[in-house]
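# Summary of the model geometry
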Amino acid sequence: MHCRNLAIILGDQLNADNPALEDFDQQQDHLLMVEAPAEATQVWSHKARIALFLSAMRHYADTLIKKNYPLTYLRLGEHAHETLKAAWEYEIKRLNPEKIIICEPGEYSLEQDLQALAKTLNIPLAIKDDQHFMCSRADFKRWAAGGKTLRMEFFYREMRKKYQVLMHEDKPAGGDWNYDAENRQSFGISGPANIPNTPKVETDLITKRVFADIEKYFPEHPGSLEHFIWPVTREAALDFLQDFIQYRLADFGAHQDAMWQTHNGKDSPYLWHSLLSSSLNLKLLNPREVIDAAVKAYQAHHLPLQSVEGFIRQILGWREFMHGLYWLDMPRMAEQNPFKHHRDLPAWYWTGQTNMNCQRQCVSQTMQHGYAHHIQRLMVTGMFGLLTEVDPRQVEAWYLAAYIDAVEWVELPNVSMAMYSNNGRFTSKPYIASGAYIKRMSNYCTHCTYKPEVKTGPSACPVTTLYWHFMIKHHEVFSRNPRMALMAKHVDKLDEDAIEAIQHTAKQMLKNLDHL
Ligand code: FAD
Ligand code: SF4
């Protein structure tokens with residue numbers, strides 16, 4: 001067999017305008033998509049995450065076939081290749097293309113694998129720029145050049161100006177770049193009122209077959225398929241976007257950081273969040289259309305600027321910033337462990353079986369839904385990994401496995417932020433706090449056996465004790481960090497007995513992490 005170009009499409013490249021399809025000639029070229037078991041087993045992937053990728057890929061393949069694209073689609077269980085690389089090698093040899101074409105992959109090692117393979121097989125490889133992102137790898141590199149301080153805020157302002165998003169010429173709409181101070185509200189004692197419903201997505205035949213495959217091939221994997229709500233087609237992703245803009249965007253900002261455990265039988269871990277990360281990451285949605293939809297709604301319905309800006313900051317700021325950083329700092333980013341933390345991840349990260357209610361809620365929700373919002377990831381499960389000195393590589397593997405939206409280019413820099421493994425390169429301080437923060441931002445502590453204000457003894461809150469332990473241990477370094485100096489000063493106020501008692505309790509806790 002022979003073809004002119006072989007275009008490879010990856011599971012997170014499901015946009016109709018995938019640049020690998022540019023200039024595709026159905027008479028001479030061929031397409032390849034592969035479901036490789038190793039993508040679900042290299043990290044022990046959540047069932048919902050596997051389902052999302054497989055179902056979205058099969059729906060995408062269906063549309064290609066309907067448009068008469070010549071496609072080789074290797075389905076799970078119908079081929080013997082464990083890894084993408086092995087499948088690519090076999091198919092490239094069989095299809096014998098003159099050239100291989102792919103859009104920039106979202107994972108460093110996949111790009112390396114394909115480059116190595118093309119070199120070995122002596123076939124030219126064209127890696128096309130990924131137009132999905134609003135800041136290309138090259139543009140980010142240029143922005144970051146010259147020893148500039150890599151801070152999201154500066155990058156975000158440049159992006160706002162470049163794309164004229166919420167701008168009046170060179171001034172930000174409303175006069176401020178940032179409304180974070182108004183956006184960090186808790187729900188108060190009474191809790192959230194009228195949590196919006198989440199949109200409904202039909203589980204069609206393709207998705208049902210995917211579920212059956214998962215139970216057949218990955219029965220032992222963590223997580224549940226019972227609450228699977230995620231869009232697997234562009235149409236469903238557009239419905240999700242519309243639903244968010246209509247029902248949740250207005251209140252998104254105020255409740256962005258708040259967490260709540262419901263007790264009225266209405267289980268809603270989603271609150272006012274957009275639920276768009278998986279659709280964006282699979283490229284069923286384009287960030288430009290998401291931003292446009294938010295800006296249009298702001299203009300047409302006078303939505304609160306704090307909410308609209310807060311949302312746009314996540315997409316145009318954080319998402320693009322993390323993407324740029326990943327490609328700037330790989331492969332070094334995956335190895336960083338400045339604190340030399342080597343403890344194992346506690347087993348309850350996979351089950352939620354711990355007495356710490358904050359961790360129990362966030363992990364159980366993750367296992368049920370494959371979803372937790374940013375503060376649950378950063379300030380509950382992430383922060384606990386840092387305070388307990390878990391090896392960042394184990395934490396990274398967990399985040400890559402546990403969430404439906406997990407793809408390495410976005411997951412790894414976020415974990416690097418949560419573990420402070422970037423050591424100040426792109427975040428100015430570690431994200432750490434005592435149990436008082438969790439108490440303020442949620443109702444978790446009300447239902448916990450531990451007491452957030454207690455540092456020592458049997459009722460001490462592990463988050464609080466281990467926060468103080470961490471602050472004491474790194475006191476010297478943190479006192480020199482202007483953004484940590486105030487927190488470090490509180491350590492100065494502790495007398496020797498108090499420090500000894502905290503260290504004693506922390507030592508017991510660190511020895512006993514699986515049973516806290
Ligand atoms: P919303 O709260 O509604 O936010 C809107 C959108 O902004 C999101 O859909 C997402 O596309 C983007 N966004 C928000 N925060 C970030 C951020 N910090 N980095 C990049 N994009 C952001 N996000 C992923 O998409 N995939 C991951 O694998 C992932 N892993 C994470 C791991 C850790 C340790 C942490 C702290 C955060 C991680 N995030 C990840 C970022 C963020 O938590 C999720 O994007 C968000 O919770 C998804 O829910 P949502 O769509 O309802 O987001
Ligand atoms: Fe978490 Fe501590 Fe609050 Fe319990 S008391 S929920 S462990 S912060």
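That block above? That's the structure.
In this report, the structure presented in the accompanying data block is examined. (Residues numbered from 1 in each chain as written. Chains lettered and ligands numbered in written order. Predicted model: local features only at pLDDT ≥ 70, side-chain atom pairs only at ≥ 80, totals over all residues. Heavy atoms only, no water.)

## Thoughts on the packing of aromatic side chains
- For the structure shown, the criterion picks out 32 aromatic pairs.
- With 6.0 Å between their ring centres and 45° between their planes, Phe187 and Trp272 make a pair best called tilted. Of this pair, Phe187 sits in the loop between β7 (171–172) and α7 (205–217) while Trp272 sits in the loop between α9 (249–255) and α10 (277–281); the two residues are 85 residues apart in sequence, bridging distant segments of the chain. Pair check on accessibility: Phe187 and Trp272 agree, each one buried.
- Between Phe252 and Phe311, the aromatic rings sit 5.6 Å apart at their centres with planes inclined by 85°, giving edge-to-face as the arrangement. In this pair, Phe252 sits in helix α9 while Phe311 sits in helix α12 (residues 305–329), placing the two residues 59 residues apart along the sequence.
- In this structure Phe311 comes out as buried when scored by relative accessible area, which is 2%.
- In textbook terms, an aromatic cluster arises when at least three aromatic residues are bridged by ring pairs, as seen for Phe140, Trp143, Phe155, Trp318, Phe321 and Phe426.
- Sitting above the plane of the Tyr371 ring, Arg377 keeps its charged end 6.0 Å from the centroid. (Phe/Tyr/Trp six-rings, centres within 6.5 Å; stacked < 30°, edge-to-face > 60°. Helix = DSSP H or I, 4+ residues; strand = E, 2+ residues; numbered from the N terminus. Buried < 20%, exposed > 50% of the residue type's maximum accessible area, 1.4 Å probe, protein only. Lys NZ or Arg CZ within 6 Å of the ring centre and 35° of its normal.)

## A look at the pattern of salt bridges
- Taken as a whole and assessed by the stated rule, the structure comprises 31 salt bridges.
- Where Arg94 meets Glu91, a salt bridge forms, and the shortest distance between an N and an O atom there is 2.7 Å. Here the residue Arg94 and the residue Glu91 both occupy positions in helix α3 (residues 84–95), the gap between them amounting to three residues, near one helical turn.
- Taking the shortest distance from any N to any O, the salt bridge between Arg425 and Asp329 comes out at 2.6 Å. Taken together, the positions of Arg425 in the loop between α17 (408–418) and α18 (435–441) and Asp329 in helix α12 put the pair 96 residues apart, joining distant regions of the chain.
- Several salt bridges converge on common partners, so that one network encompasses Glu153, Arg157, Arg160, Glu309 and Arg313. (Salt bridge = Lys/Arg side-chain N within 4 Å of Asp/Glu carboxyl O.)

## Here's the deal with the nonpolar core
- In terms of nonpolar packing, the biggest core is built from 152 residues, with Met33, Trp230, Ile312 and Ile432 touching the most fellow members.
- Those residues within four positions of Trp230 in sequence are excluded, and the remaining contacts are Leu52, Val201, Phe240, Tyr270, Leu275, Ser278, His369, Tyr371 and Ile404.
- Residues Cys3, Leu6, Leu10 and Leu114 belong to the second largest nonpolar core, which totals 20 residues. (Core = buried A, V, L, I, M, F, W, Y, C linked by side-chain atoms within 4.5 Å. Contact = heavy atoms within 4.5 Å.)

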